[in-house]
Amino acid sequence: MTVHFVGAGPGAADLLTLRAVELLRTSPVCLYAGTYIDSEILAHCAEGTELVDTQHLDLDQIIGRLVDADRRGLDAVRLCSGDPSVYSALTEQTRRLDEAGVAWDVTPGVPAYAAAAALLGTELTVPEVAQTVVLTRTRARSTRMPESEALANVAKVRGTLVLHLAIRRIRVLAEELVGEYGADCPVAVVAHATRPNELVLRGTLSDIADQVEAAGLRHTAVILVGRAVASRELDTAEIVCSHLYDPARDRSGAN
């Protein structure tokens with residue numbers, strides 16, 4: 001049988017892909033993290049689906065439940081918040097499934113940074129403002145970061161920076177980023193994106209930590225840093241049309 005790693009998206013039950021909904025509807029077993037996945041998403045599962053909340057299970061226990069489903073001849077969905085390609089522990093889970101001889105596949109979901117940008121109503125890659133998006137995190141008590149990916153290094157790109165799993169350290173991080181981005185650099189924090197309790201905070205590197213602490217945010221938030229975050233506030237003279245849509249572009253098809 002097959003273990004399906006499915007991106008559950010940022011939280012809204014209607015932002016799952018059609019494929020994800022079909023897998024939830026037809027798979028007899030579903031493992032999900034109760035910290036992030038709510039009852040509305042699980043409502044896509046058929047009545048009688050074996051639901052396993054993994055928030056208190058370690059990796060070996062999770063793999064054990066997936067292997068057990070396979071041995072019983074049952075497909076299983078492993079729901080991941082956001083998209084499985086980012087911070088989902090996909091690699092260590094699939095490696096163990098390979099060792100156990102269990103087949104698996106991946107269904108993408110809407111990533112948290114995309115949901116955050118949608119709520120902000122902004123494009124993260126604005127021509128001649130930012131053309132690079134850096135997705136990263138920082139370390140507190142989590143897994144070590146590669147030395148080359150220290151925040152000071154990735155900030156040198158000065159593109160749109162998206163920080164995951166970092167909200168509890170925002171004051172220290174904001175101070176560290178000032179050197180590359182400047183104290184007046186626009187910042188947005190989006191918490192619980194697409195959920196009823198979603199919250200958007202806008203500010204700069206100089207004041208965003210005060211806002212976050214006042215709001216009491218502790219998890220389930222992404223931090224976006226860079227001029228593109230406030231692109232709607234740019235002066236008209238600063239806006240450059242992309243080459244694709246530029247009126248001056250030659251559309252004759254000639255070389």
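Anyway, here's the lowdown on the structure attached to this text. (Residues numbered from 1 in each chain as written. Predicted model: local features only at pLDDT ≥ 70, side-chain atom pairs only at ≥ 80, totals over all residues. Heavy atoms only, no water.)

**Quick word on the overall build of the chain**
Here comes step 1: On a plain count of helices and strands, the chain comes out with 8 helices and 10 strands.
Here comes step 2: Viewed in the frame of its principal axes, the chain has a C-alpha envelope of about 65 × 50 × 35 Å.
Here comes step 3: A buried classification covers 44% of the 255 residues belonging to the chain.
Here comes step 4: Here the analysis covers contacts within the chain between residues at least 6 apart in sequence; of these, 67% occur between residues at least 24 apart.
Here comes step 5: Summing over all exposed atoms, the chain offers an accessible surface of approximately 13600 Å²; the carbon and sulfur share of this is 50%.
Here comes step 6: Side-chain charges in the chain split into 24 positive and 34 negative, and the spacing between the mean points of these groups amounts to 4 Å. (Helix = DSSP H or I, 4+ residues; strand = E, 2+ residues; numbered from the N terminus. Buried < 20%, exposed > 50% of the residue type's maximum accessible area, 1.4 Å probe, protein only. Contact = heavy atoms within 4.5 Å. Areas by Shrake-Rupley, 256 points an atom, 1.4 Å probe, with all protein chains shown as cover. Lys, Arg positive; Asp, Glu negative; His and termini not counted. Charge placed at Lys NZ, Arg CZ, Asp CG, Glu CD.)

**Quick look at helix 3 (residues 59-71)**
Here comes step 1: Over its 13 residues, helix 3 extends 18 Å from the first C-alpha to the last, a length consistent with the 18 Å expected when each residue adds 1.5 Å.
Here comes step 2: Residues of helix 3 that are buried: Ile62, Ile63, Leu66, Val67, Ala69 and Asp70. Along the axis of helix 3, the buried positions cluster into a sector of 155°, meaning they face one direction only. In helix 3, the exposed positions angled more than 90 degrees off the buried face are occupied by Asp60 and Arg71.
Here comes step 3: Residues of helix 3 that are buried sit in contact with strand 1 (2-7), strand 2 (29-32), strand 4 (76-80) and helix 4 (90-100).
Here comes step 4: Where helix 3 begins, one side-chain oxygen reaches toward the backbone nitrogen of aspartate 60, 3.2 Å away; that side chain belongs to aspartate 58. (Expected span 1.5 Å × (residues − 1). Arc of directions from axis to C-beta. Polar contact = N/O pair within 3.5 Å; in protein donor to acceptor, adjacent residues only side chain to side chain.)

**Here's the deal with the packing of helix 3 against helix 4**
Two quantities define a packed helix pair, namely the angle between the axes and the distance from one axis to the other.
Here comes step 1: Direction vectors running N to C along helix 3 and helix 4 enclose 45°, while the axes themselves pass 10 Å from each other. If you check the angle between helix 3 and helix 4, you find them oblique. Here the hand of the crossing between helix 3 and helix 4 comes out right-handed. Residues Leu59, Asp60, Ile62, Ile63, Leu66, Val67 and Arg71 of helix 3 form the contact with helix 4, whose own contacting residues are Glu92, Gln93, Arg96, Leu97 and Ala100.
Here comes step 2: When the residues that make up the contact of helix 3 with helix 4 are grouped by side-chain class, the tally is 7 nonpolar, 1 polar and 4 charged. (Axes fitted to C-alpha atoms, helices over the stretch in contact; angles between N-to-C directions. Parallel < 35°, antiparallel > 145°, perpendicular 65-115°, else oblique. Left-handed = near helix turned anticlockwise from the far one by under 90°. Nonpolar A, V, L, I, M, F, W, Y, C, P; charged D, E, K, R; others polar.)

**A short note on empty space enclosed by the protein**
The rolling of a water-molecule-sized probe over the atoms marks out the regions of remaining empty space.
Here comes step 1: Counted by the stated rule, this structure contains 1 cavity of 30 Å³ or more.
Here comes step 2: Reported here for the largest cavity is a volume of approximately 50 Å³.
Here comes step 3: Every residue along the wall of the largest cavity is listed here: Leu163, Ile170, Leu173, Ala174, Leu177, Val187, Leu205, Ile208, Ile223 and Val225.
Here comes step 4: Every element with two or more residues in the lining of the largest cavity is listed here: helix 7 (170-181) and strand 10 (221-225).
Here comes step 5: By residue number, the principal contributor to the lining of the largest cavity is helix 7, which donates 4 residues. (1 Å grid on protein atoms, 1.4 Å probe; cavity = no way out; pocket = protein on both sides within 12 Å on 5 of 7 lines; lining within 4 Å. Points joined across faces, edges and corners; volume = space filled by probe spheres on them.)

**Observations regarding the side chain of threonine 138**
Here comes step 1: Structurally, threonine 138 is set in the loop between strand 6 (133-137) and helix 6 (151-154).
Here comes step 2: Reaching out from threonine 138, the side chain makes a polar contact with the side chain of arginine 169 at a distance of 3.1 Å.
Here comes step 3: With sequence-adjacent residues up to four places away left out, threonine 138 is seen in contact with Met145, Leu151, Leu163, His164, Leu165, Ala166, Arg169 and Leu173.

**Some points on helix 5 (residues 112-120)**
Here comes step 1: Those residues of helix 5 not exposed but buried are Ala115, Ala116, Ala117 and Leu120.
Here comes step 2: Residues of helix 5 that are buried make contact with strand 8 (186-191), strand 9 (199-204) and strand 10.
Here comes step 3: Once helix 5 finishes, glycine 121 follows within two positions and takes phi at roughly 65°, a positive value.

**Regarding the layout of surface pockets**
Here comes step 1: Space inside the largest pocket adds up to approximately 1700 Å³.
Here comes step 2: For the largest pocket, the lining is made up of 50 residues, of which Tyr36, Ser81, Tyr87, Ser88 and Leu165 are closest to its centre.
Here comes step 3: Elements supplying a minimum of two residues to the lining of the largest pocket: helix 3, strand 4, helix 4, helix 5, strand 6 and strand 10.
Here comes step 4: No other element matches the 3 residues that strand 4 contributes to the lining of the largest pocket.
Here comes step 5: Looking at the lining of the largest pocket, its residues break down into 24 nonpolar, 16 polar and 10 charged.

**Overview of the nonpolar core**
Burial of nonpolar side chains together is a common tendency in soluble globular proteins.
Here comes step 1: In this structure, Leu161, Leu177, Val189, Ile223 and Val225 are the most contacted members of the largest nonpolar core, which totals 26 residues.
Here comes step 2: Elements with a contribution of two residues or more to this core: helix 6, strand 7 (160-164), helix 7, strand 8, helix 8 (208-215) and strand 10.
Here comes step 3: Sort the elements by how many residues they give to this core and helix 7 lands first, with 5 residues.
Here comes step 4: Other than its neighbours up to four places away in sequence, leucine 177 contacts Leu151, Ala155, Leu161, Leu163, Gly182, Leu205 and Val225. (Core = buried A, V, L, I, M, F, W, Y, C linked by side-chain atoms within 4.5 Å.)

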